[in-house]
Amino acid sequence: MPKLFLGLDSSTQSLSAVVIDLGSRRTIYEKSVNFDRALPHYRTKNGVLPLRDPLVKHSPPLMWAEALDLIFAGMKKDGVALGDILAVSGCGQQHGSVYFNDRIGPALELLDPKRSLVENLRGVFARKTAPIWMDASTSAECAEIRKKLGGIKYTASRTGSDTFERFTGPQIRKFFKTEPEAYAKTSSIALVSSFLASLLAGRVAPIDYGDGAGMNLMDIRKKVWDMDALKATAPSLKKKLPPLAAPGQDLGPVSRYFVDKYGLNPEARATAWTGDNPASVIGLGLVKPGQVAVSLGTSDTFFGSMEQCRTDETGEGHVFGSPTGQYVTLICFKNGSLAREKVRELYGIADWPAFGERLRQTPPGNHGGILLPWFEAEIVPRVNRPGIRRFDLDSADAAANCRAVFEAQMLSMRLHSQWMKVAPEKILATGGASSNEALLQVMADVMHCRVQRIEVSKSAALGAALQAAHGWLTAAGKSPRWDKLVAGFSAPIPGSEIRPNPKASRVYDQLLEKYADCEREAL
Ligand code: XUL
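Residues numbered from 1 in each chain as written. Predicted model: local features only at pLDDT ≥ 70, side-chain atom pairs only at ≥ 80, totals over all residues. Heavy atoms only, no water.

Caption draft 1: Just the overall build of the chain, in detail. Each helix and strand in the chain was counted, giving 21 helices and 23 strands. Relative to a compact globule of 523 residues, whose C-alpha radius of gyration would be 24 Å, the chain shows 23 Å and is just as compact. The principal-axis extent of the C-alpha atoms belonging to the chain is close to 70 × 55 × 40 Å. Burial statistics for the chain: of 523 residues in total, 61% are counted as buried. The centroid of the 65 positive side-chain charges in the chain is displaced by 3 Å from the centroid of its 55 negative side-chain charges. (Helix = DSSP H or I, 4+ residues; strand = E, 2+ residues; numbered from the N terminus. Rg over C-alpha atoms; globule rule 2.2 N^0.38 Å. Buried < 20%, exposed > 50% of the residue type's maximum accessible area, 1.4 Å probe, protein only. Lys, Arg positive; Asp, Glu negative; His and termini not counted. Charge placed at Lys NZ, Arg CZ, Asp CG, Glu CD.)

Caption draft 2: Quick look at helix H5 (residues 139-149). Among the residues of H5, Glu141, Cys142, Ile145, Arg146 and Leu149 are the ones counted as buried. Within H5, the buried residues cover an arc of 130 degrees as seen down the axis, which keeps them to one side. Among the exposed residues of H5, those oriented more than 90 degrees off its buried face are Lys147 and Lys148. Just downstream of H5 lies Gly150, where phi reads positive at about 95 degrees. (Arc of directions from axis to C-beta.)

Caption draft 3: Broad picture of the environment of Met75. Secondary-structure assignment places Met75 in helix H2 (residues 61-77). With 20 residues separating them along the chain, Met75 and Leu55 place their C-alpha atoms 37 Å apart.

Caption draft 4: Structural context of the environment of Pro180. As for its position among the elements, Pro180 is in helix H8 (residues 180-185). The class of Pro180 is partly exposed, set by a relative accessible area of 45%.

Caption draft 5: Molecular detail of the site of the ligand. If you check the shell around the ligand, you find Gln93, Gln94, His95, Trp133, Arg166, Asp276, Asn277 and Phe320 and nothing else. In this structure, an oxygen atom belonging to the ligand sits 2.7 Å away from a side-chain N or O atom of His95. The separation between an oxygen atom of the ligand and a polar side-chain atom of Asp276 is 2.4 Å. Relative to its unbound accessible surface of 300 Å², the ligand loses 87% to contact with the protein. Residue classes in the shell around the ligand are distributed as 2 nonpolar, 4 polar and 2 charged. (Near = heavy atom within 4 Å. Polar contact = N/O pair within 3.5 Å; in protein donor to acceptor, adjacent residues only side chain to side chain. Areas by Shrake-Rupley, 256 points an atom, 1.4 Å probe, with all protein chains shown as cover. Nonpolar A, V, L, I, M, F, W, Y, C, P; charged D, E, K, R; others polar.)

No statement about biological role is implied by the geometric values presented.
Encoded structure:
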(Lines give C-alpha, C1' and ligand atoms only; values in the text may rest on other atoms or scores of the structure.)
Protein backbone atom coordinates (compact mmCIF):
# COMPACT_ATOMS: atom_id res chain seq x y z
CA MET A 1 0.00 0.00 0.00
CA PRO A 2 1.63 3.29 -1.07
CA LYS A 3 1.88 6.07 1.51
CA LEU A 4 1.37 9.17 -0.58
CA PHE A 5 1.70 12.79 0.55
CA LEU A 6 1.16 15.91 -1.53
CA GLY A 7 3.20 19.10 -1.14
CA LEU A 8 2.30 22.33 -2.97
CA ASP A 9 4.42 25.46 -3.37
CA SER A 10 2.78 28.74 -4.37
CA SER A 11 5.79 30.80 -5.39
CA THR A 12 6.00 34.17 -7.15
CA GLN A 13 5.84 32.78 -10.68
CA SER A 14 4.23 29.36 -10.38
CA LEU A 15 2.38 26.77 -8.33
CA SER A 16 4.20 23.44 -8.02
CA ALA A 17 3.10 20.05 -6.77
CA VAL A 18 5.25 17.17 -5.54
CA VAL A 19 3.83 13.78 -4.53
CA ILE A 20 6.06 11.52 -2.46
CA ASP A 21 5.65 7.87 -1.52
CA LEU A 22 6.93 7.39 2.00
CA GLY A 23 6.83 3.61 1.48
CA SER A 24 9.38 3.55 -1.35
CA ARG A 25 10.96 6.91 -0.28
CA ARG A 26 10.59 8.35 -3.75
CA THR A 27 9.15 11.43 -5.38
CA ILE A 28 6.57 9.91 -7.73
CA TYR A 29 5.18 13.04 -9.39
CA GLU A 30 6.05 16.68 -9.91
CA LYS A 31 4.42 19.40 -11.96
CA SER A 32 4.24 23.21 -12.13
CA VAL A 33 1.68 25.69 -13.38
CA ASN A 34 3.31 28.90 -14.58
CA PHE A 35 1.01 31.84 -13.82
CA ASP A 36 1.88 34.06 -16.81
CA ARG A 37 1.58 31.23 -19.33
CA ALA A 38 -1.31 29.19 -17.92
CA LEU A 39 -3.41 32.12 -16.70
CA PRO A 40 -2.69 34.98 -19.13
CA HIS A 41 -6.03 36.71 -18.35
CA TYR A 42 -4.57 38.01 -15.06
CA ARG A 43 -1.99 39.91 -17.13
CA THR A 44 0.87 39.31 -14.73
CA LYS A 45 4.53 39.50 -15.66
CA ASN A 46 6.56 36.91 -13.78
CA GLY A 47 3.53 36.48 -11.55
CA VAL A 48 3.32 40.17 -10.61
CA LEU A 49 0.83 42.81 -11.79
CA PRO A 50 2.36 45.59 -13.85
CA LEU A 51 1.80 48.74 -11.77
CA ARG A 52 3.01 52.27 -12.36
CA ASP A 53 4.98 52.69 -9.13
CA PRO A 54 8.10 50.48 -9.42
CA LEU A 55 8.19 50.06 -5.63
CA VAL A 56 4.68 48.57 -5.49
CA LYS A 57 4.43 44.84 -6.28
CA HIS A 58 1.07 43.11 -6.02
CA SER A 59 -0.44 39.87 -7.37
CA PRO A 60 -4.09 38.77 -7.77
CA PRO A 61 -5.05 36.19 -5.09
CA LEU A 62 -7.71 34.76 -7.43
CA MET A 63 -4.90 33.75 -9.78
CA TRP A 64 -3.38 31.59 -7.02
CA ALA A 65 -6.81 30.00 -6.38
CA GLU A 66 -7.34 29.33 -10.08
CA ALA A 67 -3.88 27.77 -10.30
CA LEU A 68 -4.89 25.40 -7.48
CA ASP A 69 -7.84 24.18 -9.58
CA LEU A 70 -5.52 23.79 -12.58
CA ILE A 71 -2.91 21.79 -10.72
CA PHE A 72 -5.51 19.39 -9.25
CA ALA A 73 -7.15 18.99 -12.68
CA GLY A 74 -3.67 18.27 -14.10
CA MET A 75 -2.94 15.65 -11.44
CA LYS A 76 -6.27 13.95 -12.13
CA LYS A 77 -5.60 13.96 -15.87
CA ASP A 78 -2.08 12.60 -15.36
CA GLY A 79 -3.51 9.65 -13.41
CA VAL A 80 -2.03 10.55 -10.01
CA ALA A 81 -3.65 8.24 -7.42
CA LEU A 82 -5.32 11.15 -5.63
CA GLY A 83 -7.47 8.76 -3.60
CA ASP A 84 -4.32 7.33 -1.99
CA ILE A 85 -3.00 10.67 -0.72
CA LEU A 86 -3.01 10.64 3.08
CA ALA A 87 -2.32 14.33 3.75
CA VAL A 88 -1.71 17.59 1.89
CA SER A 89 0.52 20.45 2.98
CA GLY A 90 2.14 23.36 1.24
CA CYS A 91 4.18 26.50 1.38
CA GLY A 92 4.02 29.92 -0.18
CA GLN A 93 6.18 32.88 -1.06
CA GLN A 94 6.71 34.58 2.28
CA HIS A 95 5.29 37.89 3.52
CA GLY A 96 2.50 38.38 0.91
CA SER A 97 -0.95 39.09 2.40
CA VAL A 98 -4.59 38.51 1.39
CA TYR A 99 -7.51 40.52 2.85
CA PHE A 100 -11.05 39.13 3.31
CA ASN A 101 -14.41 40.50 4.39
CA ASP A 102 -16.79 38.58 6.67
CA ARG A 103 -18.10 36.42 3.80
CA ILE A 104 -14.92 34.32 3.76
CA GLY A 105 -15.95 31.86 6.51
CA PRO A 106 -19.22 30.68 4.89
CA ALA A 107 -17.66 30.70 1.41
CA LEU A 108 -14.89 28.34 2.54
CA GLU A 109 -17.25 26.03 4.37
CA LEU A 110 -19.58 25.76 1.39
CA LEU A 111 -17.09 25.44 -1.47
CA ASP A 112 -19.29 24.15 -4.30
CA PRO A 113 -17.50 21.56 -6.50
CA LYS A 114 -19.81 22.37 -9.42
CA ARG A 115 -18.24 25.80 -9.62
CA SER A 116 -14.59 26.84 -9.83
CA LEU A 117 -12.65 28.16 -6.83
CA VAL A 118 -12.71 31.59 -8.48
CA GLU A 119 -16.51 31.52 -8.68
CA ASN A 120 -16.72 30.28 -5.09
CA LEU A 121 -14.55 33.16 -3.90
CA ARG A 122 -16.50 35.92 -5.60
CA GLY A 123 -17.22 38.78 -3.18
CA VAL A 124 -14.99 37.63 -0.30
CA PHE A 125 -12.08 40.02 -0.73
CA ALA A 126 -11.69 43.31 1.16
CA ARG A 127 -8.75 44.15 -1.09
CA LYS A 128 -8.54 42.98 -4.69
CA THR A 129 -4.80 42.49 -4.86
CA ALA A 130 -2.18 41.12 -2.51
CA PRO A 131 1.09 42.93 -1.79
CA ILE A 132 3.95 40.42 -2.17
CA TRP A 133 7.55 40.09 -0.96
CA MET A 134 8.98 42.16 -3.82
CA ASP A 135 7.10 45.26 -2.67
CA ALA A 136 9.43 47.98 -1.36
CA SER A 137 6.91 50.76 -0.80
CA THR A 138 6.61 50.74 3.00
CA SER A 139 9.80 52.46 4.25
CA ALA A 140 7.77 55.03 6.21
CA GLU A 141 5.72 52.31 7.92
CA CYS A 142 8.89 50.32 8.71
CA ALA A 143 10.36 53.37 10.44
CA GLU A 144 7.13 54.05 12.36
CA ILE A 145 6.78 50.49 13.66
CA ARG A 146 10.50 50.17 14.48
CA LYS A 147 10.38 53.42 16.43
CA LYS A 148 7.33 52.37 18.44
CA LEU A 149 8.98 49.03 19.22
CA GLY A 150 12.17 50.70 20.48
CA GLY A 151 14.66 50.44 17.59
CA ILE A 152 16.34 47.84 15.41
CA LYS A 153 17.82 45.61 18.12
CA TYR A 154 14.59 45.33 20.06
CA THR A 155 12.40 44.82 16.97
CA ALA A 156 14.72 42.04 15.77
CA SER A 157 14.95 40.31 19.14
CA ARG A 158 11.17 40.48 19.58
CA THR A 159 9.93 39.51 16.11
CA GLY A 160 12.97 37.71 14.61
CA SER A 161 13.79 40.51 12.17
CA ASP A 162 14.06 44.26 11.99
CA THR A 163 11.13 45.82 10.10
CA PHE A 164 11.53 45.23 6.36
CA GLU A 165 9.47 46.77 3.54
CA ARG A 166 8.28 43.37 2.32
CA PHE A 167 7.27 42.08 5.76
CA THR A 168 3.52 41.80 6.37
CA GLY A 169 3.21 44.16 9.36
CA PRO A 170 4.49 47.23 7.51
CA GLN A 171 2.30 46.22 4.53
CA ILE A 172 -0.80 46.01 6.76
CA ARG A 173 0.03 49.40 8.28
CA LYS A 174 0.26 50.96 4.81
CA PHE A 175 -3.15 49.46 3.90
CA PHE A 176 -4.66 50.83 7.11
CA LYS A 177 -3.16 54.30 6.45
CA THR A 178 -4.03 54.56 2.77
CA GLU A 179 -7.38 52.68 2.67
CA PRO A 180 -8.84 53.00 6.18
CA GLU A 181 -12.37 52.07 5.09
CA ALA A 182 -11.29 48.89 3.33
CA TYR A 183 -9.11 48.07 6.33
CA ALA A 184 -12.12 48.50 8.64
CA LYS A 185 -14.13 46.10 6.45
CA THR A 186 -11.36 43.50 6.60
CA SER A 187 -12.41 40.72 8.92
CA SER A 188 -9.52 38.37 8.27
CA ILE A 189 -5.96 38.64 6.93
CA ALA A 190 -4.11 35.66 5.51
CA LEU A 191 -0.62 35.00 4.20
CA VAL A 192 -0.25 33.40 0.76
CA SER A 193 0.41 30.12 2.59
CA SER A 194 -2.56 30.30 4.96
CA PHE A 195 -4.88 31.48 2.14
CA LEU A 196 -4.23 28.33 0.11
CA ALA A 197 -4.31 26.15 3.23
CA SER A 198 -7.77 27.63 3.92
CA LEU A 199 -9.02 26.45 0.53
CA LEU A 200 -7.76 22.91 1.19
CA ALA A 201 -9.14 22.84 4.73
CA GLY A 202 -12.47 24.54 3.91
CA ARG A 203 -12.06 27.00 6.77
CA VAL A 204 -9.87 29.94 7.70
CA ALA A 205 -6.50 28.28 8.35
CA PRO A 206 -4.02 29.32 11.02
CA ILE A 207 -0.71 30.97 10.17
CA ASP A 208 2.23 28.73 11.06
CA TYR A 209 5.30 29.80 13.09
CA GLY A 210 7.52 29.52 10.03
CA ASP A 211 5.63 32.06 7.94
CA GLY A 212 4.28 34.00 10.93
CA ALA A 213 7.87 34.99 11.69
CA GLY A 214 8.00 36.91 8.40
CA MET A 215 5.39 39.42 9.52
CA ASN A 216 7.08 41.54 12.23
CA LEU A 217 4.02 40.60 14.30
CA MET A 218 4.92 37.35 16.06
CA ASP A 219 6.94 36.97 19.24
CA ILE A 220 9.69 34.76 17.81
CA ARG A 221 10.45 33.03 21.11
CA LYS A 222 7.00 32.59 22.62
CA LYS A 223 5.35 32.03 19.23
CA VAL A 224 2.28 34.11 20.02
CA TRP A 225 1.06 37.34 18.44
CA ASP A 226 3.12 40.17 19.97
CA MET A 227 0.59 42.69 21.27
CA ASP A 228 3.07 45.61 21.16
CA ALA A 229 3.88 44.86 17.52
CA LEU A 230 0.18 44.53 16.68
CA LYS A 231 -0.59 47.88 18.34
CA ALA A 232 2.33 49.55 16.55
CA THR A 233 0.98 48.26 13.23
CA ALA A 234 -2.77 48.95 13.02
CA PRO A 235 -5.87 49.10 15.26
CA SER A 236 -8.02 46.03 15.98
CA LEU A 237 -5.44 43.83 14.29
CA LYS A 238 -5.71 40.91 16.72
CA LYS A 239 -9.33 40.33 15.64
CA LYS A 240 -8.29 40.16 12.00
CA LEU A 241 -5.50 37.62 12.40
CA PRO A 242 -6.09 33.86 12.55
CA PRO A 243 -4.50 31.86 15.37
CA LEU A 244 -0.88 30.73 15.09
CA ALA A 245 -0.07 27.03 14.71
CA ALA A 246 2.87 24.67 14.56
CA PRO A 247 4.04 23.96 11.00
CA GLY A 248 2.20 21.01 9.51
CA GLN A 249 -0.45 21.00 12.26
CA ASP A 250 -3.45 18.85 11.39
CA LEU A 251 -6.41 20.98 10.26
CA GLY A 252 -8.95 18.18 9.85
CA PRO A 253 -10.13 16.40 6.70
CA VAL A 254 -9.67 18.09 3.33
CA SER A 255 -12.62 20.12 2.00
CA ARG A 256 -15.33 18.10 0.19
CA TYR A 257 -14.63 20.35 -2.81
CA PHE A 258 -11.39 18.45 -3.58
CA VAL A 259 -12.97 15.08 -2.77
CA ASP A 260 -15.97 15.46 -5.08
CA LYS A 261 -14.19 17.29 -7.86
CA TYR A 262 -10.79 15.62 -8.07
CA GLY A 263 -11.13 12.38 -6.11
CA LEU A 264 -9.08 13.14 -3.01
CA ASN A 265 -9.82 10.65 -0.27
CA PRO A 266 -12.48 12.03 2.14
CA GLU A 267 -10.19 10.95 4.99
CA ALA A 268 -7.12 12.77 3.62
CA ARG A 269 -5.93 15.42 6.09
CA ALA A 270 -5.33 19.07 5.41
CA THR A 271 -2.36 20.45 7.36
CA ALA A 272 -1.05 23.96 8.05
CA TRP A 273 1.18 25.44 5.35
CA THR A 274 4.48 27.29 5.89
CA GLY A 275 6.79 29.73 4.08
CA ASP A 276 8.81 28.63 1.06
CA ASN A 277 12.14 29.13 2.81
CA PRO A 278 11.35 27.01 5.88
CA ALA A 279 9.96 24.35 3.51
CA SER A 280 13.09 24.45 1.33
CA VAL A 281 15.27 23.88 4.37
CA ILE A 282 13.41 20.60 4.92
CA GLY A 283 13.44 19.75 1.20
CA LEU A 284 17.24 20.12 1.18
CA GLY A 285 17.43 17.86 4.23
CA LEU A 286 18.82 20.52 6.61
CA VAL A 287 17.08 19.27 9.74
CA LYS A 288 19.97 19.26 12.21
CA PRO A 289 21.24 22.42 13.87
CA GLY A 290 24.31 23.80 12.14
CA GLN A 291 23.41 22.42 8.73
CA VAL A 292 23.74 25.22 6.24
CA ALA A 293 23.05 25.83 2.56
CA VAL A 294 24.14 28.65 0.31
CA SER A 295 22.10 29.36 -2.77
CA LEU A 296 24.01 31.22 -5.48
CA GLY A 297 21.19 32.70 -7.53
CA THR A 298 20.18 36.17 -8.75
CA SER A 299 20.69 37.07 -5.12
CA ASP A 300 22.73 34.86 -2.80
CA THR A 301 21.10 33.41 0.30
CA PHE A 302 22.70 31.79 3.30
CA PHE A 303 20.26 29.68 5.26
CA GLY A 304 20.15 26.85 7.70
CA SER A 305 18.83 25.33 10.90
CA MET A 306 19.42 26.83 14.34
CA GLU A 307 18.57 25.24 17.69
CA GLN A 308 18.46 28.20 20.06
CA CYS A 309 16.76 31.35 18.89
CA ARG A 310 19.46 33.95 18.34
CA THR A 311 18.62 37.18 16.55
CA ASP A 312 20.77 39.66 14.68
CA GLU A 313 21.31 42.90 16.63
CA THR A 314 22.23 44.75 13.46
CA GLY A 315 18.88 43.76 11.97
CA GLU A 316 20.36 42.36 8.74
CA GLY A 317 19.41 38.70 9.05
CA HIS A 318 16.12 36.91 9.65
CA VAL A 319 14.97 34.17 11.98
CA PHE A 320 11.90 32.15 10.99
CA GLY A 321 10.25 29.15 12.64
CA SER A 322 11.27 25.79 11.19
CA PRO A 323 8.99 22.84 10.40
CA THR A 324 11.27 20.87 12.77
CA GLY A 325 10.12 23.06 15.66
CA GLN A 326 13.50 24.80 15.83
CA TYR A 327 14.54 27.86 13.86
CA VAL A 328 15.55 28.73 10.35
CA THR A 329 18.02 31.54 9.71
CA LEU A 330 18.17 33.40 6.46
CA ILE A 331 20.40 36.15 5.14
CA CYS A 332 19.74 37.56 1.72
CA PHE A 333 22.53 39.29 -0.25
CA LYS A 334 20.95 41.10 -3.18
CA ASN A 335 24.12 41.48 -5.30
CA GLY A 336 24.66 37.78 -6.04
CA SER A 337 24.85 36.57 -9.64
CA LEU A 338 23.75 40.06 -10.48
CA ALA A 339 27.15 41.43 -9.40
CA ARG A 340 29.16 38.50 -10.76
CA GLU A 341 27.52 38.98 -14.13
CA LYS A 342 28.23 42.71 -14.12
CA VAL A 343 31.94 42.06 -13.53
CA ARG A 344 32.01 39.38 -16.22
CA GLU A 345 30.43 41.79 -18.71
CA LEU A 346 32.65 44.69 -17.64
CA TYR A 347 35.77 42.68 -18.48
CA GLY A 348 34.35 40.98 -21.57
CA ILE A 349 34.79 37.47 -20.13
CA ALA A 350 33.01 35.09 -22.51
CA ASP A 351 31.37 32.65 -20.09
CA TRP A 352 31.43 31.17 -16.60
CA PRO A 353 34.15 28.57 -17.25
CA ALA A 354 36.34 31.46 -18.46
CA PHE A 355 35.42 33.43 -15.33
CA GLY A 356 36.47 30.42 -13.21
CA GLU A 357 39.74 30.27 -15.17
CA ARG A 358 40.48 33.90 -14.17
CA LEU A 359 40.06 32.88 -10.54
CA ARG A 360 42.59 30.09 -10.98
CA GLN A 361 45.11 32.56 -12.45
CA THR A 362 45.08 34.65 -9.26
CA PRO A 363 46.15 33.73 -5.69
CA PRO A 364 43.74 33.43 -2.73
CA GLY A 365 43.58 36.83 -1.05
CA ASN A 366 44.23 38.63 -4.34
CA HIS A 367 47.34 40.37 -2.89
CA GLY A 368 44.99 42.28 -0.58
CA GLY A 369 42.83 43.68 -3.39
CA ILE A 370 39.18 44.21 -2.42
CA LEU A 371 36.08 45.07 -4.45
CA LEU A 372 32.82 46.06 -2.78
CA PRO A 373 30.32 44.88 -5.42
CA TRP A 374 27.22 46.90 -4.62
CA PHE A 375 25.98 47.36 -8.17
CA GLU A 376 22.43 47.52 -6.74
CA ALA A 377 21.26 48.75 -3.35
CA GLU A 378 22.31 45.99 -0.95
CA ILE A 379 20.28 44.35 1.81
CA VAL A 380 23.28 42.98 3.75
CA PRO A 381 24.99 45.18 4.70
CA ARG A 382 22.35 47.84 4.23
CA VAL A 383 23.49 50.02 1.33
CA ASN A 384 20.86 52.40 0.06
CA ARG A 385 23.01 54.17 -2.49
CA PRO A 386 24.44 51.64 -4.92
CA GLY A 387 28.02 51.88 -6.14
CA ILE A 388 31.17 49.77 -6.31
CA ARG A 389 34.45 50.51 -4.49
CA ARG A 390 37.97 49.15 -5.06
CA PHE A 391 40.69 48.99 -2.42
CA ASP A 392 44.29 48.15 -3.49
CA LEU A 393 42.84 46.71 -6.68
CA ASP A 394 43.80 47.72 -10.20
CA SER A 395 40.60 48.30 -12.17
CA ALA A 396 42.43 47.27 -15.37
CA ASP A 397 43.29 43.80 -14.03
CA ALA A 398 40.43 41.58 -15.26
CA ALA A 399 41.50 38.39 -13.47
CA ALA A 400 42.00 40.15 -10.12
CA ASN A 401 38.56 41.78 -10.40
CA CYS A 402 36.88 38.43 -11.12
CA ARG A 403 38.47 36.98 -8.00
CA ALA A 404 37.72 40.11 -6.00
CA VAL A 405 33.98 40.09 -6.60
CA PHE A 406 33.49 36.55 -5.31
CA GLU A 407 36.00 36.88 -2.46
CA ALA A 408 34.11 39.97 -1.25
CA GLN A 409 30.79 38.11 -1.47
CA MET A 410 32.15 35.22 0.60
CA LEU A 411 33.93 37.46 3.13
CA SER A 412 30.69 39.39 3.53
CA MET A 413 28.79 36.13 4.03
CA ARG A 414 31.26 35.04 6.72
CA LEU A 415 31.20 38.43 8.45
CA HIS A 416 27.45 38.92 8.41
CA SER A 417 26.57 35.37 9.46
CA GLN A 418 28.65 35.51 12.64
CA TRP A 419 25.63 36.50 14.74
CA MET A 420 24.13 33.05 14.15
CA LYS A 421 27.04 31.46 16.04
CA VAL A 422 26.63 28.44 13.81
CA ALA A 423 29.97 26.97 12.72
CA PRO A 424 28.94 24.89 9.70
CA GLU A 425 30.62 21.51 9.28
CA LYS A 426 29.66 21.47 5.66
CA ILE A 427 27.87 23.86 3.34
CA LEU A 428 25.52 22.57 0.68
CA ALA A 429 25.78 24.80 -2.36
CA THR A 430 22.88 25.15 -4.75
CA GLY A 431 21.68 27.53 -7.48
CA GLY A 432 23.05 28.35 -10.93
CA ALA A 433 26.57 29.48 -10.01
CA SER A 434 27.19 26.45 -7.77
CA SER A 435 28.30 24.43 -10.79
CA ASN A 436 31.49 26.56 -10.89
CA GLU A 437 34.17 24.69 -8.94
CA ALA A 438 36.54 27.63 -8.72
CA LEU A 439 33.85 29.59 -6.89
CA LEU A 440 33.13 26.73 -4.51
CA GLN A 441 36.85 26.48 -3.64
CA VAL A 442 36.81 30.13 -2.55
CA MET A 443 33.65 29.43 -0.53
CA ALA A 444 35.30 26.46 1.23
CA ASP A 445 38.48 28.42 1.94
CA VAL A 446 36.76 31.55 3.27
CA MET A 447 34.18 29.66 5.34
CA HIS A 448 36.69 27.05 6.63
CA CYS A 449 34.51 24.09 5.79
CA ARG A 450 33.69 21.47 3.23
CA VAL A 451 31.35 22.47 0.44
CA GLN A 452 29.23 20.04 -1.54
CA ARG A 453 26.76 20.66 -4.35
CA ILE A 454 23.12 19.74 -4.09
CA GLU A 455 20.45 20.12 -6.76
CA VAL A 456 16.88 19.36 -5.73
CA SER A 457 14.20 20.29 -8.18
CA LYS A 458 11.27 21.86 -6.32
CA SER A 459 12.92 21.73 -2.88
CA ALA A 460 10.13 23.85 -1.33
CA ALA A 461 7.28 21.63 -2.59
CA LEU A 462 9.26 18.54 -1.55
CA GLY A 463 9.73 20.06 1.91
CA ALA A 464 5.97 20.68 2.04
CA ALA A 465 5.22 17.05 1.12
CA LEU A 466 7.57 15.90 3.90
CA GLN A 467 5.81 18.32 6.24
CA ALA A 468 2.46 16.71 5.29
CA ALA A 469 3.93 13.31 6.13
CA HIS A 470 5.29 14.57 9.45
CA GLY A 471 1.96 16.19 10.35
CA TRP A 472 0.03 13.03 9.44
CA LEU A 473 2.32 10.73 11.44
CA THR A 474 2.18 13.08 14.44
CA ALA A 475 -1.64 13.25 14.30
CA ALA A 476 -1.63 9.43 14.20
CA GLY A 477 0.16 9.42 17.57
CA LYS A 478 3.63 8.58 16.20
CA SER A 479 6.76 10.61 16.98
CA PRO A 480 8.46 10.77 13.59
CA ARG A 481 12.13 11.80 13.55
CA TRP A 482 12.92 14.47 11.00
CA ASP A 483 16.35 13.07 10.09
CA LYS A 484 14.79 9.68 9.33
CA LEU A 485 11.87 11.22 7.47
CA VAL A 486 13.96 13.28 5.04
CA ALA A 487 16.63 10.59 4.47
CA GLY A 488 16.92 9.57 0.85
CA PHE A 489 14.69 12.29 -0.64
CA SER A 490 17.53 14.70 -1.34
CA ALA A 491 21.24 14.07 -1.37
CA PRO A 492 24.31 16.12 -2.29
CA ILE A 493 25.85 15.29 -5.66
CA PRO A 494 28.34 12.43 -5.14
CA GLY A 495 31.95 13.38 -5.83
CA SER A 496 31.22 17.11 -5.71
CA GLU A 497 32.75 17.75 -2.29
CA ILE A 498 35.43 20.42 -2.08
CA ARG A 499 37.73 20.67 0.96
CA PRO A 500 39.18 23.90 2.30
CA ASN A 501 42.86 24.55 1.75
CA PRO A 502 44.30 25.45 5.20
CA LYS A 503 46.90 27.84 3.72
CA ALA A 504 44.26 29.77 1.79
CA SER A 505 41.95 29.80 4.82
CA ARG A 506 44.68 31.51 6.87
CA VAL A 507 45.02 34.18 4.19
CA TYR A 508 41.25 34.82 4.38
CA ASP A 509 41.29 34.98 8.19
CA GLN A 510 43.58 37.99 7.84
CA LEU A 511 41.78 39.48 4.88
CA LEU A 512 38.47 39.38 6.77
CA GLU A 513 39.62 42.21 9.05
CA LYS A 514 40.66 44.31 6.09
CA TYR A 515 37.37 43.56 4.33
CA ALA A 516 35.41 44.66 7.42
CA ASP A 517 37.44 47.90 7.56
CA CYS A 518 36.71 48.57 3.86
CA GLU A 519 32.97 48.01 4.46
CA ARG A 520 33.01 50.36 7.43
CA GLU A 521 34.81 53.01 5.42
CA ALA A 522 32.45 52.68 2.46
CA LEU A 523 29.37 52.86 4.66
C1 XUL B 1 12.29 35.75 2.10
C2 XUL B 1 11.68 36.31 0.87
C3 XUL B 1 11.67 35.49 -0.35
C4 XUL B 1 10.31 34.91 -0.65
C5 XUL B 1 10.35 34.31 -2.04
O6 XUL B 1 12.33 36.65 3.14
O7 XUL B 1 11.20 37.40 0.84
O8 XUL B 1 12.63 34.46 -0.30
O9 XUL B 1 9.93 34.00 0.34
O10 XUL B 1 9.30 33.50 -2.32
